[in-house]
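Observations on the three-dimensional arrangement
Below are the chains, spelled out letter by letter.
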Amino acid sequence: MSTIAERLSRVRARISRAEQDYGRPAGSVQLLAVSKTKPVSAILAAIEAGQRAFGENYLQDALPKQEALAGQPIAWHFIGPIQSNKTKAIAAGFDWVHSLEREKIARRLNDQRPDNLAPLNICLQVNVSGEASKAGLDPGSVQALADVVAGLPRLRLRGLMCIPAPARDLDAQRRPFRQLRELQETLLANGLAVDTLSMGMSGDLEAAVAEGSTLVRVGTDIFGARD
Ligand SMILES: *Cc1c(COP(=O)(O)O)cnc(C)c1O
């Protein structure tokens, strides 16, 4: 059994190695620790080991942990499906949302983002080829929603996110990530200053870094398997 600190340092080493292998600047890939279903004690152990960004999928799971960890130096990222009746708490309690895919939800988050907080950082979730679920925007709908989000004052459009299905070899893993990067390039060409590609998880972070990921979302390899 290894500790969370040991696992974290192994994941950090994998990221550094991938940055080197694929010609990415050192430190250009941020690590989001996905703490969904894991207890407060696990998050505290990761904070102790220097981790600051944490990702949660389920609001009901996240809220009590956020309360218990109030005052800790944490950036909270919401990465799960968003129902309309959850937007108020998400807008008030998170720094980032990676899983936006509907205009209606964008407008609610914008309207409900408290004035005393910085604009909420937003990534649009895209259903690239070989996606693990049906969630996410059709690639052809990305530009339109990106334009909407860019025009909302309490949101800050940061980039794109995807969750491809597991693939066996590196080439197959890289394909959907490349597709997301090409979509980002299109947005950039159209004048939207998107700086974030949220892609790569425990099993495929090297492939994601190879294709330009700026943020990998890692749960299992830091906190262990989920029940
Ligand atoms: C659970 C989850 C992760 C982490 O996946 P692991 O394979 O455990 O690293 C990343 N992103 C999203 C959106 C998730 O739901």
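See the structure shown above.
Overview of the structure. (Residues numbered from 1 in each chain as written. Predicted model: local features only at pLDDT ≥ 70, side-chain atom pairs only at ≥ 80, totals over all residues. Heavy atoms only, no water.)

Attention now goes to the overall build of the protein. Tallying secondary structure elements over the protein gives nine helices and eight strands in all. The C-alpha radius of gyration of the protein comes to 17 Å, within 12% of the 17 Å expected for a compact globule of 227 residues. Projected onto its principal axes, the C-alpha positions of the protein cover 45 × 40 × 30 Å. Across the protein, the fraction of contacts at a sequence separation of at least 24, relative to all contacts at a separation of at least 6, is 58%. When the accessible surface of the protein is totalled, it reaches about 10400 Å², and 50% of it is carbon and sulfur. In the protein, 28 positive and 25 negative side-chain charges are present, and the distance between their average locations comes to 2 Å. (Helix = DSSP H or I, 4+ residues; strand = E, 2+ residues; numbered from the N terminus. Rg over C-alpha atoms; globule rule 2.2 N^0.38 Å. Contact = heavy atoms within 4.5 Å. Areas by Shrake-Rupley, 256 points an atom, 1.4 Å probe, with all protein chains shown as cover. Lys, Arg positive; Asp, Glu negative; His and termini not counted. Charge placed at Lys NZ, Arg CZ, Asp CG, Glu CD.)

Attention now goes to the state of the cysteines. Under the definition given, this model contains zero disulfides. Between Cys123, a free cysteine, and Cys162, which holds the nearest cysteine sulfur, the sulfur-to-sulfur gap is 11 Å. (Disulfide = S-S within 2.5 Å.)

So, on to the nonpolar core. Grouped together as the largest cluster of nonpolar side chains are 60 residues, with contacts concentrated most on Leu109 and Leu124. Ignoring anything within four residues of it in the chain, the contact list for Leu109 reads Thr87, Ile90, Ala91, Val97, Leu100, Leu120, Ile122 and Leu155. Counting five residues, the second largest nonpolar core, distinct from the first, contains Leu32, Ala53, Ile79 and Leu215. (Core = buried A, V, L, I, M, F, W, Y, C linked by side-chain atoms within 4.5 Å. Buried < 20%, exposed > 50% of the residue type's maximum accessible area, 1.4 Å probe, protein only.)

A word on the pairing of strand β6 (residues 155-161). Regular strands have side chains that alternate between both faces of the sheet. In terms of burial, β6 is largely enclosed, as six of its seven residues are buried. Bridging between strand β5 (residues 120-125) and β6 involves six bridges; their strand directions are parallel. Across the sheet, Cys123 pairs through a bridge with Gly159, a residue of β6. The sheet contact formed by β6 and strand β7 (residues 196-198) spans three bridges and is parallel. Opposite Leu160, over in β7, you have Leu197 as the bridge partner. (Pairing = 2+ DSSP bridges.)

What follows concerns helix α2 (residues 40-48). Since the α-helix turns once every 3.6 residues, residues separated by three or four places project in the same direction. Among the residues of α2, those classed as buried are Ala42, Ile43, Ala46 and Ile47. Taken around the axis of α2, the buried residues stretch over an arc of 140 degrees, which confines them to a single face. Away from its buried face by more than 90 degrees, α2 exposes Ser41 and Glu48. Immediately beyond the C-terminal end of α2, within one or two residues, lies Gly50, with a positive phi of roughly 95 degrees. (Arc of directions from axis to C-beta.)

Taken together, the residues surrounding the ligand are Val34, Lys36, Asn57, Ile79, Ile163, Met201, Ser202, Arg217, Val218, Gly219, Thr220 and Arg226. Between the ligand and Arg217 there is a distance of 2.8 Å, counted from a nitrogen atom to a side-chain nitrogen or oxygen. Contact between the ligand and Arg226: an oxygen atom at 2.8 Å from a side-chain N or O atom of the residue. The fraction of the free accessible surface of the ligand (390 Å²) that becomes covered by protein chains is 89%. Per-class residue counts for the shell around the ligand are five nonpolar, four polar and three charged. (Near = heavy atom within 4 Å. Polar contact = N/O pair within 3.5 Å; in protein donor to acceptor, adjacent residues only side chain to side chain. Nonpolar A, V, L, I, M, F, W, Y, C, P; charged D, E, K, R; others polar.)

A side chain of one charge can pair with a side chain of the opposite charge if their charged atoms are brought near each other. Counted by the stated rule, this structure contains twelve salt bridges. The partner of Glu211 in a salt bridge is Arg181, and the shortest N-O contact between them spans 2.5 Å. In this pair, Glu211 sits in the loop between α8 (205-210) and β8 (215-218) while Arg181 sits in helix α7 (residues 170-189), placing the two residues 30 residues apart along the sequence. Note on Glu211: relative accessible area 2%, which makes it buried. The class for Arg181 is partly exposed, based on a relative accessible area of 23%. (Salt bridge = Lys/Arg side-chain N within 4 Å of Asp/Glu carboxyl O.)

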